[in-house]
Amino acid sequence: MRTTVGIIGAGPAGLLLARLLQNAGIAAVVLESRDREYVERRQRAGILEQGTVDVLRAAGVGARLDREGLTHDGIELRFDRRRHRVDLPALTGGRSVTVYAQTEVCKDLIAARLTDGAPLLFGAEALAVEGAGTERPRVRYRHQRRESVLECDYVVGCDGFWGVARAAMPPALTRTYERTYPFAWLGILADVAPSHDELVYAHSDRGFALLSMRSPSVTRAYLQVPEGTDAGDWTHGQIWDELDRRLEVDDPAWRLARGPVTATSVTPMRSYVHEPMRHGRLFLAGDAAHIVPPTGAKGLNLAVGDVVTFARALTTYTRTGETALLDGYSAACLRRVWQAERFSYAMTTLLHRAPDATPFDDRIQLAGLDRVTTSRAAETDLAEAYTGFPF
Ligand code: RFL
Ligand code: PHB
């Protein structure tokens, strides 16, 4: 098989890139190792930046997002038994975020691609990218037990952190930056209306908790747990009890509503950047190139930034023969990536309790939270980063 752009992975990065290229009249083939049902069910992100929503709308896949997405004009920071609301539009000149699950973004993009009759192969596992440094890079893949080769002008690795594309970058030209954290997130999905109408990020001496949502009737919540925790180590009752303790505030109006837990998961926390994000005609996008801890809600939004940058660069090249944007892809993406890395790291270390935290560390965190909630400059900094930097 032969195409212009070979896309490995049908997560948000690969699916959105395919859509943007389709809209620009550029042919692409998407190879996805999993089946459609798996991709549409994988529970992950929930928060879309304003810029991400704008991109999805402009790409013609915003109709259901506009109907079902929940616009949020604030987040709550909870610490020291106090509640503080960060008013996002007031601090950012009108920007907000939208709660619309990654599963729904993927469903909308898959439906659009299948309606277009454009190639998207499920159960097609990329085995290797070859010839990245040549004019004709290839993806070797297995589909329906047969090995085949996809010949391309460009290959974009959108295959997530565990994919194969990154391995085709020459090690001698590569540098990676990494940090792991000694804790993880235990996440639940529960059939109960969210206890608050905005997200709550809670610092407590028992560790971090996050109260989020998927819809007006579905709660999503997370607890900081020790690294290596198994979801089965906790009963549903214990999870609710712990959420209750970490979300405790001096406000008689506050009550955590409990309901049937329908799914649990554990997410390890990692910061990771692979530089550069391009070698020859192989480009990396999304989690294939970088990982952030989820505290800043940035992963999916970064993936969107990368593929918008690539689609713009290739469209410009196709129309004008100008290569500057393709050549500048890695540098343009990395600038945004490092801002998200910085913010995600800052939010993580501000809100989580490290297992070896000293009383000094605890006081520094509280001073940080005090600063964010009393200085308009500090709060604006948080709000700008949370609602997202321009693409
Ligand atoms: P994905 O979603 O991992 O998709 C990669 C796809 O590639 C496929 N694949 C292959 N296909 C063919 N051949 C191979 N050899 C392949 N190897 C892999 C995989 O099956 C998969 O379908 O990467 P992508 O597209 O870059 O998207 C990144 C996002 O998924 C990720 O950054 C976010 O989920 C991160 N994240 C959040 N991001 C946000 O912006 N806001 C949030 O609120 C947010 N919350 C979260 C999160 C991630 C979480 N977890 C579970 C890691 C909350 C959590 C708990
Ligand atoms: C989520 O709803 O899954 C979510 C929300 C905010 C985050 C991370 C995850 O920072």
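Residues numbered from 1 in each chain as written. Chains lettered and ligands numbered in written order. Predicted model: local features only at pLDDT ≥ 70, side-chain atom pairs only at ≥ 80, totals over all residues. Heavy atoms only, no water.

### Quick look at the side chain of E341
Piece 1. The residue E341 is located in helix α10 (residues 329-351) in this model.
Piece 2. Here E341 sits buried without a salt bridge, and the closest side chain of opposite charge, R179, lies 9.3 Å off (N-O distance). (Helix = DSSP H or I, 4+ residues; strand = E, 2+ residues; numbered from the N terminus. Buried < 20%, exposed > 50% of the residue type's maximum accessible area, 1.4 Å probe, protein only. Lys, Arg positive; Asp, Glu negative; His and termini not counted. Salt bridge = Lys/Arg side-chain N within 4 Å of Asp/Glu carboxyl O.)

### Thoughts on the side chain of T98
Piece 1. You can see T98 is positioned in strand β7 (residues 97-99).
Piece 2. Look at T98 and you get buried, because its relative accessible area is 9%.
Piece 3. With residues up to four places along the chain from it excluded, the contact list for T98 reads G46, I47, L48, V53, L65, G69, L70 and T71. (Contact = heavy atoms within 4.5 Å.)

### Remarks on the domain arrangement of the protein
Piece 1. If you check the domain split of the protein, you get domain 1 (5-72 + 100-178 + 270-347) and domain 2 (181-269 + 354-387).
Piece 2. Placing the centre of domain 1 and that of domain 2 at their C-alpha centroids yields a distance of 29 Å.
Piece 3. Each partner contributes to the interface: domain 1 provides 22 residues, whereas domain 2 provides 21 residues.
Piece 4. Between domain 1 and domain 2 the total buried area reaches about 1700 Å² when both faces are included, carbon and sulfur atoms providing 65% of it.
Piece 5. For the pair domain 1 and domain 2, the interface holds 0 salt bridges. (Domains from an automatic or database assignment. Buried area = accessible area lost by both parts, 1.4 Å probe.)

### Describing the sheet that holds strand β14 (residues 199-202)
Piece 1. Pairing is mixed in the open sheet, where 8 strands are placed in the order β6-β5-β14-β15-β16-β13-β17-β20. Because the sheet does not close on itself, it has two edges, and the strands there are β6 (82-87) and β20 (290-291).
Piece 2. Packed on one face of the sheet, α10 meets β13 (175-190), β14, β17 (261-275) and β20 and runs near 130° to β17. (Pairing = 2+ DSSP bridges. Axes fitted to C-alpha atoms, helices over the stretch in contact; angles between N-to-C directions.)

### Considering unusual backbone geometry
Of all residues except glycine, most have a negative phi; of all peptide bonds, most are trans.
Piece 1. The omega angle of the peptide bond from E275 to P276 is -5°, so this bond is cis rather than trans.
Piece 2. Following the sequence through the fold, P276 ends up in the loop between β17 and β18 (278-279).
Piece 3. Here the phi dihedral of R81 falls at roughly 65°; this positive angle occurs in a residue that is not glycine.
Piece 4. Take R81: it is sitting in the loop between β5 (74-79) and β6.
Piece 5. For Q144, which is not glycine, the phi dihedral falls at a positive 50°.
Piece 6. With respect to the element layout, Q144 can be found in the loop between β10 (138-143) and β11 (146-151).

### As for the site of ligand 2
Piece 1. In the vicinity of ligand 2 there are 14 residues, among which Y201, S212, R214, Y222 and P294 approach most closely.
Piece 2. Y201 places a side-chain nitrogen or oxygen 2.8 Å from an oxygen atom of ligand 2.
Piece 3. A distance of 2.6 Å separates an oxygen atom of ligand 2 from a polar side-chain atom of S212.
Piece 4. Relative to its unbound accessible surface of 280 Å², ligand 2 loses 97% to contact with the protein.
Piece 5. Those elements that place two or more of their residues in the shell around ligand 2 are β14, β15 (209-215) and β16 (218-226).
Piece 6. Of the residues belonging to the shell around ligand 2, the class tally is 8 nonpolar, 3 polar and 3 charged.
Piece 7. No fewer than three residues from each of domain 1 (5-72 + 100-178 + 270-347) and domain 2 (181-269 + 354-387) sit in the shell around ligand 2. (Near = heavy atom within 4 Å. Polar contact = N/O pair within 3.5 Å; in protein donor to acceptor, adjacent residues only side chain to side chain. Areas by Shrake-Rupley, 256 points an atom, 1.4 Å probe, with all protein chains shown as cover. Nonpolar A, V, L, I, M, F, W, Y, C, P; charged D, E, K, R; others polar.)

### Some words on the pairing of β5
Along any regular strand the residues' side chains alternate between the sheet's two faces.
Piece 1. β5 sits mainly inside the fold: 6 of its 6 residues count as buried.
Piece 2. With burial as the criterion, each face of β5 is covered, one bearing G74, E76 and R78 and the other bearing I75, L77 and F79.
Piece 3. Turn length for the β5-β6 hairpin, with the two strands adjacent in sequence and antiparallel, is 2 residues, and the turn residue D80 shows positive phi of about 55°.
Piece 4. Here β5 pairs with β14 via 4 bridges, running parallel. Opposite I75, over in β14, you have L199 as the bridge partner.

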